[in-house]
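# Coordinate inspection notes
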Amino acid sequence: MTRLLAIETSCDETAAAVVADGRHILSNVVSTQIAIHAPYGGVVPELASRHHLENICPVIEEAMSGAGVEYRDLDGVAVTQGPGLVGSLLVGLEAAKAIAWVHGKPLIPVHHIAGHIEAPFLAHAEVPLPAVALIVSGGHTSLFEVAERGRYELLARTRDDAAGEAFDKVAKLLGLGYPGGPVIDRLSEGANDRAHEFAIAKPKDGSGDFSFSGIKTAVLYHVRRVGLEPAASPDAASPAIRDLVASFQRAVVAALVRRMREVALARRPKTLLLSGGVAANRVLRREAARAAEELGLALFMPPIALSTDNAAMIGAAGYVNMEKGLRGSLDLDANPHLPLG
Ligand code: KG4
Ligand code: ZN
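Residues numbered from 1 in each chain as written. Chains lettered and ligands numbered in written order. Predicted model: local features only at pLDDT ≥ 70, side-chain atom pairs only at ≥ 80, totals over all residues. Heavy atoms only, no water.

### As for the coordination of the zinc ion (ligand 2)
Note on the zinc ion (ligand 2): its protein donors are His112 (NE2), His116 (NE2) and Asp309 (OD). The metal-donor distances range over 2.1 Å. For the zinc ion (ligand 2), the 4 donor atoms in the first shell make angles of 94 to 144 degrees at the metal, a pattern classed as irregular. Each donor residue of the zinc ion (ligand 2) lies on the same chain, and together they follow the pattern H-x3-H-x192-D. A residue pair is termed long-range when its members are at least 10 positions apart, and His112 in helix H4 (residues 112-118) and Asp309 in the loop between helix H11 (304-307) and helix H12 (312-323) qualify at 197 residues. Judged by its relative accessible area of 4%, His112 is buried. Its relative accessible area of 17% is what places Asp309 among the buried residues. (Donors = N, O, S within 2.8 Å, 3.2 Å for Na, K, Ca; no water. Tetrahedral: all angles 85-135°; square planar, octahedral: opposite > 155°, others 65-115°. Helix = DSSP H or I, 4+ residues; strand = E, 2+ residues; numbered from the N terminus. Buried < 20%, exposed > 50% of the residue type's maximum accessible area, 1.4 Å probe, protein only.)

See the structure below:
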C-alpha cells in the first residue's frame, strides 16, 4: 500500500489528507477561510497566506492523527505546486518540503486542476475511460479528455471569467455575500428562472471556449437599468433578485452543459466527469445528469466535499504522478500559472 500525505493551500482552504493508493481516503481535513474573506466579497491574498500559516501545522497534524499513521509510515508527500495564489501556495509547499526533507520522503508536485480531475476516482471504484471531464470552479472552467488517469487533453477553457467567479461577482453586486455560488443556488430554488433571457454567446473564433464575463456585465446593466437595490442580506433578497439570479444560473448551467454535450458527441467517451466547486450546484448536477442519460453515458460526480477544494484530491493526483516517476526537488518553487501536462 502506498500512503501519501497530501497538502493543498492554493486558494482559501488550508487542507491536508492521507490517501492510500490514490483511492482510499484515510483522513481529509479542510480548514476553510470563508468567514475571513466574506466581508471583502472575495479572497484577499494577504489574509489568505497569513491564515494558511496559522493553520497549516494543526491541519497536517489532524490529518496524520486522523489517519492513524506516523511520518515514517508515509511513502511520500504530495503538494499543490500551482496554479493559485503564490503566497498561499508557498505555505503548503514549504510545509511539504520540510516534512519530506526531515523524514526522507519523496516530494511529489501536483497541479491543482489535476486534483479536481482525479477527485471522482476517490468516490467511485470503477470509472470507465476515456472520459470527458468538466472542471468548473472559482478559478477554472475547462473541459478535458481523460484518456487514462494522469493523461489529460484540454478541449475547451474559459476565455475570461471562470463560472464560479461569475457566480461570486453577481452575488457581490446584489448584496448576497461571498461565496456567491451556494447562496445563488439556494435563492434560485422556487424562483422564476425564465424571468430574464441571458444569452451566452459562443466565441466568434469557433474555438468552442467558454466566456462568462458577458453575462456578468448583462446582469450589471440590468441592475442599473431597472434600479434594482442590492439586498441587505441573502435572506432579505427580494423576489426580483431571486428571479434574476435564477435566470443567471439557468444561463450559466445551459452554457456549461451545452458545451459538455457537444464535446461528448465529438469525442464519444465512455464516461462524463463533473468536478470543482461549481459542481456543487444542484441545477448543474441535475442538467448534467439529464445530458448524460440522453447521451447514454455514465456520469461521475464526486460528493460535494471532494468537489470543492480539498487535499484528498491532491493525494489522488499525487499517486498518479508518483507512479509516473514524477518527483520534486527541495528547491521546487510555487508556480501560480503552472500549465497542466
Ligand atoms: O473548487 P473551489 O472550491 O475553489 C477553486 O478552485 O476555485 O470552487 C469555489 C467556487 C466559488 O466560486 C463558489 O461560488 C463556487 O465554487 N460554488 C458554487 C456552489 N458552491 C460553490 N457555484 C454554484 N453553485 C454552488 N452550489
Ligand atoms: Zn479548486
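### Some points on the side chain of His52
In this fold, His52 is placed in helix H2 (residues 45-67). Leave out the neighbours within four places in its chain, and His52 touches Thr9, Cys11, Asp12, Glu13, Thr14, Gln33, Ser88 and Val91. (Contact = heavy atoms within 4.5 Å.)

### Considerations on the sheet that holds strand S6 (residues 131-136)
Across the sheet, which stays open at both edges, the 5 strands sit in the order S8-S7-S6-S9-S10 with mixed pairing between neighbours. Pairing within the sheet leaves two strands with one partner each, and these edge strands are strand S8 (151-157) and strand S10 (298-300). When strand polarity is set aside, the average angle formed by the axes of neighbouring strands in this sheet is 25 degrees. Relative to S8, strand S7 (residues 141-148) runs antiparallel, the two sharing 6 bridges. When the bridges of S8 are listed, Glu145 appears paired with Glu153. Where helix H10 (residues 282-295) meets the sheet, it contacts S6, strand S9 (271-275) and S10, and its direction lies at approximately 175 degrees from that of S9. (Pairing = 2+ DSSP bridges. Axes fitted to C-alpha atoms, helices over the stretch in contact; angles between N-to-C directions.)

### Comments concerning the sheet that holds strand S2 (residues 13-20)
The strand order across the open sheet built from 5 strands is S3-S2-S1-S4-S5, with neighbouring strands paired in mixed fashion. Of all strands in the sheet, those bounded by a partner on one side alone are strand S3 (24-32) and strand S5 (107-111). In this sheet, neighbouring strand axes are inclined to one another by 20 degrees on average, regardless of whether the strands run parallel or antiparallel. Inspection of the sheet shows strand S1 (residues 3-8) paired to S2 by 6 bridges, in the antiparallel sense. By the bridge assignment for S2, Leu4 is matched with Val19.

### What to know about the pairing of S3
Each regular strand displays side chains that alternate between the two surfaces of the sheet. Two strands pair when backbone bridges link them, and S2 and S3 are joined in this way by 8 bridges, in the antiparallel orientation. The residue bridging Ala20 from the neighbouring strand is His24, located in S3. The hairpin formed by S2 and S3 contains 3 residues between the paired strands, and Asp21 there has a positive phi angle of roughly 55 degrees.

### Comments concerning the pattern of salt bridges
The tally for this structure, following the rule as stated, stands at 17 salt bridges. Between Glu118 and Arg149 there is a salt bridge, with its nearest N and O atoms 2.7 Å apart. Taken as a pair, Glu118 in helix H4 and Arg149 in the loop between S7 and S8 lie far apart in primary sequence, 31 residues in all. On the basis of relative accessibility, which here comes to 0%, the residue Glu118 falls in the buried class. Across the pair Lys216 and Asp161 runs a salt bridge whose closest N-O atoms are separated by 2.9 Å. Of this pair, Lys216 sits in helix H8 (residues 213-226) while Asp161 sits in the loop between S8 and helix H6 (163-173), and the two are 55 residues apart along the sequence. Residue Asp161 is classed as buried on the basis of its relative accessible area, which comes to 8%. The network of salt bridges with common partners includes Asp161, Glu165, Lys169 and Lys216. (Salt bridge = Lys/Arg side-chain N within 4 Å of Asp/Glu carboxyl O.)

### Description of unusual backbone geometry
Of note, the bond from Gly82 into Pro83 is cis; its omega dihedral lies within 30 degrees of zero at -10 degrees. With an omega dihedral of -5 degrees, the bond running from Tyr178 to Pro179 counts as a cis peptide bond. Within the secondary structure, Pro179 sits in the loop between H6 and helix H7 (180-188). Positive phi is not limited to glycine here, since Asp21 has a value of about 55 degrees. Mapped onto the fold, Asp21 is located in the loop between S2 and S3. The phi angle at Arg268 is positive, at roughly 50 degrees, despite the residue not being glycine. Looking at the element boundaries, Arg268 is found in the loop between helix H9 (239-267) and S9.

Honestly, it's all geometry; don't read function into it.
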